[in-house]
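Chain residues, written in single-letter form:
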Amino acid sequence: MNRKVNISVDNLPDTLRGQIHGVESAIDNESLALFTDNKDVRVSIENAAHGLRAYSNTFNHYDLWGRFVRSGHKKLPLEEAPKKTIITRKISEKVDGILYDGEIKITPAVVSSRKDGEDVEYLVWPSDREEKVERALIRLASKGKIVKINFKSGIQYAVVFSMNELAQELKAVGQSMPYPQIKEALEALQGSKLSFKYSATDTKNTDIDDSFYESNMNFLSSLHFSGKKGQGGNVKCVACLNAFVHNMIDNLEYKGYYFNSAQELKRGLSRWMMLRLYHLWRYAAPGKTYHFRLLSIMEKYGSIYSTDDITENKLKALRRDMTTTMKDLIEKGAISEYSITNVKDDKTGNIVDYTYEMHPSDQFCDEILTLNKHNKRIEIQGGKRIVENAVLIDEDKIEAIVED
């Protein structure tokens with residue numbers, strides 16, 4: 001069954017029709033065809049604890065950055081806005097041999113909601129709710145609900161869906177939300193701004209100079225709705241992805257993961273860690289382990305900042321949070337066991353951090369193997385990877401073969 005949408009200009013909301021020259025679906029566009037190719041990544045029932053798992057994509061370093069607010073203000077009336085609304089976090093991730101180092105700034109959106117019969121404006125920071133909706137949105141895109149729109153001002157990729165379709169993706173992983181909440185989350189994603197600047201260092205090739213990047217954009221480039229009053233879940237939506245995500249799709253800078261496995265987890269830290277394992281633990285195999293420092297990982301997640309004073313009680317609280325997440329990952333079948341080592345201050349002897357060592361389960365190793373094979377096939381089809389073990393034939397032999 002082909003789930004990829006075949007859409008025309010006439011199907012789009014009125015706000016878009018006069019701005020565009022044409023539309024291509026994943027059926028017609030090579031980059032989108034690769035992004036939505038998931039036919040070979042279903043884990044067999046024999047190898048899966050919960051049956052077949054839903055497939056989605058995660059963007060290389062972009063999804064590893066702390067783009068969502070884990071603590072502090074989530075939604076405030078404008079008159080209660082703090083003096084400092086922009087949140088700044090450090091970027092430090094190593095992906096596929098490239099070290100990304102810099103900072104990211106998150107500016108909240110202004111959304112309008114009805115309260116006591118009046119429209120009230122609120123500041124909304126992108127938080128766990130927005131992260132859930134964004135993951136479900138990319139899941140829909142990975143299933144084929146994505147198109148290339150040729151605007152008069154340029155080309156954009158957009159997810160085309162109904163509110164009911166997005167609600168069903170959330171419901172499938174136990175994250176049900178009423179339509180007004182989903183709509184507000186989408187508006188928060190469109191209104192929230194990302195500003196980042198970072199360097200990219202190729203750690204495998206020191207002869208290549210560092211690259212520097214600086215950009216300002218929104219989580220979603222634009223958002224469009226169409227329908228009739230009282231239509232509810234049948235309202236049609238078009239969410240245009242930002243330029244950064246657009247380029248990552250074109251450059252094959254994404255990897256597959258099993259959406260249900262990560263998103264069914266109830267706790268935000270557990271979901272984030274599971275996605276991180278799918279993304280970074282690409283060599284998971286029996287006997288191979290994954291290490292991380294507690295404070296470093298919590299800073300990446302967004303629970304703490306590098307400037308925070310981590311007291312003994314705060315460190316214990318962070319460890320309790322991670323212990324619960326480790327139990328979640330064991331219960332989910334991602335890891336078989338883990339160990340913790342104390343990190344002590346050389347002068348005082350006090351515990352100042354913890355090092356975690358995780359062991360993959362056989363189930364997770366099988367899943368990673370399947371996903372790696374799929375990713376390799378996508379890269380070969382997209383021309384990013386040279387086919388390994390290719391047989392080279394010289395011209396004389398080619399002529400002999402042809403003559404025969």
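- The name given to the chain in an unreviewed UniProt entry is Replication protein A, with the source organism recorded as Pseudoalteromonas prydzensis.

1. Describing the pattern of salt bridges
At step 1: Inspection of every chain in the model, using the stated rule, returns 22 salt bridges.
At step 2: Between K75 and E184 there is a salt bridge whose closest N-O contact spans 3.1 Å. Here K75, found in strand β3 (residues 75–77), pairs with E184, found in helix α5 (residues 179–191); they are 109 residues apart in sequence, far enough to count as distant.
At step 3: With its nearest N and O atoms 3.8 Å apart, the salt bridge here joins R293 to D353. One end of the pair, R293, is in strand β15 (residues 290–293); the other, D353, is in strand β17 (residues 351–360), with 60 residues separating them in the sequence.
At step 4: Residue R293 is classed as partly exposed on the basis of its relative accessible area of 40%.
At step 5: One network of salt bridges, with partners in common, ties together D63, R67, R70, D128, E131, E134 and R135.

2. Quick word on α5
At step 1: Between the first and last C-alpha of α5 there are 18 Å, a value that for 13 residues agrees with the 18 Å anticipated at 1.5 Å per step.
At step 2: Burial in α5 covers these residues: I182, E184, A185, L186, A188 and L189.

3. A word on the pairing of strand β8 (residues 146–151)
Side chains on a regular strand alternate between the two faces of the sheet.
At step 1: By the criterion of burial, β8 is predominantly enclosed, with five of the six residues buried.
At step 2: By the bridge criterion, five bridges tie strand β1 (residues 20–25) to β8 in an arrangement that is antiparallel. Its bridge partner being in β8, I20 is matched across the sheet by F151.
At step 3: Both β8 and strand β9 (residues 154–162) contribute to a ladder of six bridges, which runs antiparallel. Residue pairing in the sheet places K148 in a bridge with Y157 of β9.

4. Quick notes on the nonpolar core
At step 1: Counting 95 residues, the largest nonpolar core has L329 and M358 as the members making the most contacts within it.
At step 2: The biggest single contributor to this core is helix α8 (residues 268–280), with seven residues.
At step 3: Excluding its chain neighbours within four sequence positions, the residues that come into contact with L329 are L265, S270, M273, M274, L277, A334, I335 and M358.
At step 4: Counting residues in hydrophobic clusters, the runner-up holds ten residues, among them L16, V23, I149 and V160.

What counts, and at which threshold
Residues numbered from 1 in each chain as written. Predicted model: local features only at pLDDT ≥ 70, side-chain atom pairs only at ≥ 80, totals over all residues. Heavy atoms only, no water. Salt bridge = Lys/Arg side-chain N within 4 Å of Asp/Glu carboxyl O. Helix = DSSP H or I, 4+ residues; strand = E, 2+ residues; numbered from the N terminus. Buried < 20%, exposed > 50% of the residue type's maximum accessible area, 1.4 Å probe, protein only. Expected span 1.5 Å × (residues − 1). Pairing = 2+ DSSP bridges. Core = buried A, V, L, I, M, F, W, Y, C linked by side-chain atoms within 4.5 Å. Contact = heavy atoms within 4.5 Å.

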